[in-house]
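What follows is the residue order along each chain.
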Amino acid sequence: MAQAASVDHPVWQDVPTRPFQLVLEGGAMRGLFTAGVLDFFLDHGLLAESVVGTSMGAICGYNYACGATGRMAYINMKYRNDWRFISLKSKIKTGDLVGSEFIYETIPHDLEGIDSGWFTDSPVELVSVATNIETGGADYHTFSKCGDVDRGTRYLMATTAMPFANKPVEVDGKRLIDGGAADSIPVEYGRPRYHGRQVLVLTRPRGFVQDEADWTIPAAHVRYARYPRLVSALEARPRTYNEQNRAIERMHDAGEVFAIWPGPELDIGMDEKSEDRLMEAYECGLSTAAREWPKLLSFLNVA
């Protein structure tokens, strides 16, 4: 696995973008699978002109847009045991289970010295998906390339502000949480522009069915009693998520999209700490992308 320190320039300096869109599901630490898929794409010079992602999918998309091979896996592996990353201690001390300040400010600026120009100068468009807690609807944010780093950071925090676990993020007069409540797999967002040219990376196996007797439904009525539209969105999520997955399967089989699913062996928790299991998820992404590569090139009509 390439480490962040060994990558001396962004991939987009060497290869052009191609006219297709990546659609990236969230999934917390299951996103290591997505990181493996995207690193394979970067290593083989496949650069989409647009990426839309929800939650961890948006963060994977951010590092892909940066052209930073290996960075996503490197950061997650290096800091997985730091209490400021994801932990109950973080929840108690900061109010956020997922340590937003640590992940989006301390790590890139103070610990890793990441150059924001890799993103702001990138030709790849990034769209993140959050959920507006007042409307219950999806909030799609297209990142500016004019160097407004602080505002962009707030939207990254918002897309990963997990319901119940993290505080809403206030940005541009909106209060936002994780986009999974409103649009877990944002395939419809880009369809008018990229019909027949969307590549999806999912973090659940094909055929996965979300349990509709979700514990979050009664909890939502208590935690978000002031936001009835958000409660309705959370109540509907298992059903809409399952419908979305079945629709994606049909679109993939019809050749309208190209979906990449992990196998059933990808079974890790949101806050997985095991180095071996996280590496297995990452390597699963690499091997799955390699297996699907010939069919993907055919779908994209790339020689």
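Presented here is an overview of the structure given in this document. Predicted model only: the values in this text are computed from it and were never measured.

1. Observations regarding the overall build of the protein
No. 1: The number of helices and strands found in the protein is eleven helices and eight strands.
No. 2: Scaling as 2.2 N^0.38, a compact globule of 303 residues should have a C-alpha radius of gyration of about 19 Å, and the protein matches this with 18 Å.
No. 3: Its C-alpha atoms give the protein principal-axis dimensions of about 55 × 45 × 40 Å.
No. 4: Across the 303 residues in the protein, those meeting the buried criterion constitute 58%.
No. 5: Restricting the contact set of the protein to residue pairs at least 6 apart, pairs at least 24 apart contribute 75%.
No. 6: Summing over all exposed atoms, the protein offers an accessible surface of approximately 12800 Å²; the carbon and sulfur share of this is 50%.
No. 7: The positive charge centre, built from 31 side chains, and the negative charge centre, built from 41, are 4 Å apart in the protein.

2. A word on unusual backbone geometry
No. 1: In this structure, Ser55 takes a positive phi of about 55° despite not being glycine.
No. 2: Tracing the chain through its elements places Ser55 in the loop between strand E2 (48-54) and helix H2 (56-66).
No. 3: Its relative accessible area of 9% is what places Ser55 among the buried residues.
No. 4: Despite not being glycine, Phe164 has its phi angle at roughly 75°, a positive value.
No. 5: Tracing the backbone shows Phe164 in the loop between helix H7 (149-159) and strand E5 (169-171).

3. Quick notes on the environment of Thr160
No. 1: Its location among the elements puts Thr160 in the loop between H7 and E5.
No. 2: The exposure class assigned to Thr160 is buried, which follows from its relative accessible area of 8%.
No. 3: Put simply, Thr160 and Gly27 are 133 residues apart on the chain and 9.8 Å apart in space, counted from C-alpha to C-alpha.

4. Let's talk about the packing of helix H9 (residues 216-223) against helix H10 (residues 228-253)
The description of two packed helices rests on the angle between their axes and on the distance between the axes.
No. 1: At their nearest, the axes of H9 and H10 sit 9 Å apart, and the two run at 175° to each other. As judged from the angle between their axes, H9 and H10 are roughly antiparallel. Facing H9, whose interface residues are Ile217, Ala220 and His221, H10 presents Val231, Leu234 and Glu235.
No. 2: Class assignment of the residues belonging to the contact of H9 with H10 gives a composition of four nonpolar, one polar and one charged.

5. Overview of a negative patch on the surface
No. 1: Side chains of Glu101, Glu105, Asp110, Asp148 and Asp150 sit close together on the surface and give a patch of like negative charge.
No. 2: With three residues, the single largest contributor to the negative patch is helix H5 (residues 100-111).
No. 3: Mapped onto the elements, Glu105 comes out in helix H5.
No. 4: Judged by relative accessible area, which is 34%, Glu105 ranks as partly exposed.

6. Some words on helix H3 (residues 71-79)
No. 1: Within H3, eight of the nine residues are buried, which leaves it mostly tucked inside the rest of the structure.
No. 2: When we look at burial in H3, the residues that qualify are Arg71, Met72, Ala73, Tyr74, Ile75, Asn76, Met77 and Tyr79.
No. 3: Tucked inside the fold, the buried residues of H3 contact helix H1 (31-43), H2, H5, helix H6 (117-120) and helix H11 (275-300).

7. Considerations on the pairing of strand E7 (residues 198-201)
No. 1: Side chains of E7 alternate between two faces, with Gln198 and Leu200 and Val199 and Val201 buried alike.
No. 2: Looking at chain direction, E7 and strand E8 (residues 257-260) are connected through four bridges and run parallel. Within the sheet, the bridge partner assigned to Leu200 lies in E8 and is Ala259.

What counts as what
- Residues numbered from 1 in each chain as written.
- Predicted model: local features only at pLDDT ≥ 70, side-chain atom pairs only at ≥ 80, totals over all residues.
- Heavy atoms only, no water.
- Helix = DSSP H or I, 4+ residues; strand = E, 2+ residues; numbered from the N terminus.
- Rg over C-alpha atoms; globule rule 2.2 N^0.38 Å.
- Buried < 20%, exposed > 50% of the residue type's maximum accessible area, 1.4 Å probe, protein only.
- Contact = heavy atoms within 4.5 Å.
- Areas by Shrake-Rupley, 256 points an atom, 1.4 Å probe, with all protein chains shown as cover.
- Lys, Arg positive; Asp, Glu negative; His and termini not counted.
- Charge placed at Lys NZ, Arg CZ, Asp CG, Glu CD.
- Axes fitted to C-alpha atoms, helices over the stretch in contact; angles between N-to-C directions.
- Parallel < 35°, antiparallel > 145°, perpendicular 65-115°, else oblique.
- Nonpolar A, V, L, I, M, F, W, Y, C, P; charged D, E, K, R; others polar.
- Patch = residues over 30% accessible without salt bridge, like charges linked within 9 Å, V, L, I, M, F, W, Y side chains within 5 Å.
- Salt bridge = Lys/Arg side-chain N within 4 Å of Asp/Glu carboxyl O.
- Pairing = 2+ DSSP bridges.

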